[in-house]
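For reference, the chains in residue letters:
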Amino acid sequence: MTGFSTKSFAIAVALGAVAAPALAQTAATPWELKPDTGYAYDKEGKTYSYKMGTSNAGELLKGAKKVPKGTLFFIGHNGQLYMRTGPYLESDGKFKFGPDQ
């Protein structure tokens, strides 16, 4: 799989997660990532999913980094994808950055 980086994969996964809560607004929903599928966020900001094989898995993992637990991905007002580590839930379990009420 040429031209596909693990960083792009992580970003694409995040992008998919941002879209679902934006629609629901009231409750978080788990991501449903599929095995043997790569997710990409390209230079134009489009997202793609790719069926993956195992013959070049070693190449895919070169330079790959694990996404730390507790990472929040979001799209800013400028359309740019961002990630932030650290707390994103209040002590009562509500999303810190939710809509004003």
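Residues numbered from 1 in each chain as written. Predicted model: local features only at pLDDT ≥ 70, side-chain atom pairs only at ≥ 80, totals over all residues. Heavy atoms only, no water.

Asker: Any chance you could explain the overall build of the protein here in plain terms?
Answerer: The number of helices and strands found in the protein is two helices and four strands. The order of helices and strands in the protein, counted from the N terminus, is α-β-β-α-β-β. Taken across its 101 residues, the protein has 20% of its residues classed as buried. Counting contacts in the protein only where the partners sit at least 6 residues apart, residues at least 24 apart contribute 41% of the total. Surface summary for the protein: the accessible area is close to 8000 Å², and the carbon and sulfur share equals 57%. (Helix = DSSP H or I, 4+ residues; strand = E, 2+ residues; numbered from the N terminus. Buried < 20%, exposed > 50% of the residue type's maximum accessible area, 1.4 Å probe, protein only. Contact = heavy atoms within 4.5 Å. Areas by Shrake-Rupley, 256 points an atom, 1.4 Å probe, with all protein chains shown as cover.)

Asker: Please clarify how the pairing of strand S1 (residues 37-41) should be interpreted in this entry.
Answerer: Working note: regular strand, side chains alternate between the two faces of the sheet. Buried residues dominate S1, accounting for five of its five residues. A two-sided burial pattern is seen for S1, the buried positions comprising Thr37, Tyr39 and Tyr41 on one face and Gly38 and Ala40 on the other. Of the strand pairs in this sheet, S1 and strand S2 (residues 47-51) are connected by five bridges, and their pairing is antiparallel. Looking at S2, one finds that glycine 38 is bridged to tyrosine 50. Connecting S1 to the next strand, S2, in antiparallel fashion are five residues, including glycine 45 with a positive phi near 85°. (Pairing = 2+ DSSP bridges.)

Asker: Just checking my understanding: could you explain the packing of aromatic side chains for this structure?
Answerer: Given two aromatic rings, one states the distance between the centres and the angle between the planes to describe the pair. Using the criterion set out here, one finds four aromatic pairs in the structure. Consider the rings of phenylalanine 74 and tyrosine 82, whose centres lie 5.5 Å apart with planes at 20°: the pair is stacked. A relative accessible area of 31% places phenylalanine 74 in the partly exposed class. Look at tyrosine 82 and you get partly exposed, because its relative accessible area is 37%. Relative to phenylalanine 97, the ring of phenylalanine 95 lies with its centre 5.8 Å away and its plane at 75°, an arrangement referred to as edge-to-face. (Phe/Tyr/Trp six-rings, centres within 6.5 Å; stacked < 30°, edge-to-face > 60°.)

Asker: Is there a simple way to explain a nonpolar patch on the surface in this structure?
Answerer: On the surface, a cluster of nonpolar side chains totalling about 290 Å² of accessible area is made up of Leu89, Phe95 and Phe97. Tracing the backbone through its elements, the reader meets leucine 89 in the segment after strand S4 (81-85). (Patch = residues over 30% accessible without salt bridge, like charges linked within 9 Å, V, L, I, M, F, W, Y side chains within 5 Å. Salt bridge = Lys/Arg side-chain N within 4 Å of Asp/Glu carboxyl O.)

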